[in-house]
Amino acid sequence: MPALPWLGAGQDFPPLENAWCIADPAPGLLAAGETLDAATLIRAYSGGIFPWFSLGQPVLWWSPDPRMVLQTADFKLHRSLRKRIVHFINDICCEIRFDTAFERVIGACASKTRMGQSGTWIVSEMEQAYGELHRAGHAHSVETWINGELAGGLYCVNLGGMVFGESMFAHQTDASKIALAALVAFCRDKGITMIDCQQNTGHLASLGAVEISRATFAAHLRCHVNENTPTWHFDSLYWQELLKATAIELPATP
């Protein structure tokens, strides 16, 4: 088993190329440590690294190769989801909000039961650290509200022109997908072309996410992470642009 660097507070991360490879026990694992705070998270995400660990483990830092990303131009708005969104837009009891219930969103993501998992990686340390990152203006929640209730949502990290998706949840059917579609619509309006999804899942692939090499991801990150950070506010006009850009051509009526 290859050696795993231990990071002290404020210590630089190893080069991404030092991450464990496919032949190692945990491909993509880069380092371990005990410090998890907003400053460390900013340094990590700026370098293409993210934390992922379970209760009782040290803070584990990852940079997988390949990397799962969603090119915002390639988002797949399937017919059923399109219908849901159109209904959502036209219902005065439905709305998208940003950052009005961040703690509730990350708490719901942490408590969600997921197939094949016996626990959660969003342990209390993670909630506290991302809460600090949110208060610093770098972590955001995208919230789907229906009839005055938080029906679903997601949280993410934003540095410059880069958005890093973290986790989502739904208490009602498609509520998390609506939140993701809203995030895509927002990113398109702000010129953000890529949402980092970190690791491959069938759910993300069905919505248009693909794998790219770590080197390609890192090059894109270097080009965009220092751009101006957008103001996080959702405008209903973003929906119209998304629906227009992903219009489905129906067959001609005989």
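Up top is the structure.
Residues numbered from 1 in each chain as written. Predicted model: local features only at pLDDT ≥ 70, side-chain atom pairs only at ≥ 80, totals over all residues. Heavy atoms only, no water.

Caption draft 1: The environment of Val157, seen in detail. Position of Val157 among the secondary structure elements: in strand β8 (residues 149-159). The sequence separation of Val157 and His138 amounts to 19 residues, and the corresponding C-alpha distance is 5.7 Å. (Helix = DSSP H or I, 4+ residues; strand = E, 2+ residues; numbered from the N terminus.)

Caption draft 2: Broad picture of the packing of aromatic side chains. All told, the structure shown has 14 aromatic pairs when counted by the stated rule. With a centroid separation of 5.4 Å and an interplanar angle of 70 degrees, the aromatic rings of Phe234 and Trp239 are classed as edge-to-face. Judged by its relative accessible area of 12%, Phe234 falls in the buried class. Chaining the aromatic ring pairs together yields one cluster made of Phe88, Phe98, Phe186, Trp232, Phe234, Tyr238 and Trp239. Positioned above the aromatic ring of Trp145, the side-chain terminus of Arg97 is 3.9 Å from the ring centre. (Phe/Tyr/Trp six-rings, centres within 6.5 Å; stacked < 30°, edge-to-face > 60°. Buried < 20%, exposed > 50% of the residue type's maximum accessible area, 1.4 Å probe, protein only. Lys NZ or Arg CZ within 6 Å of the ring centre and 35° of its normal.)

Caption draft 3: Highlighting the pairing of strand β7 (residues 139-146). With 8 of 8 residues buried, β7 lies mostly within the body of the structure. Side chains of β7 alternate between two faces, with Ala139, Ser141, Glu143 and Trp145 and His140, Val142, Thr144 and Ile146 buried alike. Pairing analysis gives 5 bridges linking strand β6 (residues 94-98) to β7, with the strands arranged antiparallel. Residue pairing in the sheet places Phe98 in a bridge with Val142 of β7. (Pairing = 2+ DSSP bridges.)

Caption draft 4: Region of the structure containing the packing of helix α2 (residues 79-90) against helix α8 (residues 237-245). As a packed pair, α2 and α8 sit with axes 11 Å apart at the nearest point and diverge in direction by 155 degrees. Between α2 and α8, the angle falls in the class roughly antiparallel. With respect to the hand of their crossing, α2 and α8 are arranged in left-handed fashion. Contacts between α2 and α8 involve Arg82, Ile85, Val86, Phe88 and Ile89 from the first element and Trp239, Gln240 and Leu243 from the second. Across the contact of α2 with α8, the residue classes tally to 6 nonpolar, 1 polar and 1 charged. (Axes fitted to C-alpha atoms, helices over the stretch in contact; angles between N-to-C directions. Parallel < 35°, antiparallel > 145°, perpendicular 65-115°, else oblique. Left-handed = near helix turned anticlockwise from the far one by under 90°. Contact = heavy atoms within 4.5 Å. Nonpolar A, V, L, I, M, F, W, Y, C, P; charged D, E, K, R; others polar.)

Caption draft 5: Layout of the sheet that holds strand β9 (residues 162-170). Taken together, 7 strands build an open sheet; the order of strands is β6-β7-β8-β9-β10-β5-β11 and the sheet is mixed. Since the sheet does not close on itself, it has two edges, and those belong to β6 and β11 (210-212), each with one partner. Averaged over all pairs of adjacent strands, the angle between strand axes in this sheet comes to 35 degrees, irrespective of strand direction. Where β7 meets β8, 8 bridges bridge the pair, whose relative direction is antiparallel. Each bridged residue has a counterpart across the sheet, and for Ser141 the counterpart in β8 is Tyr155.

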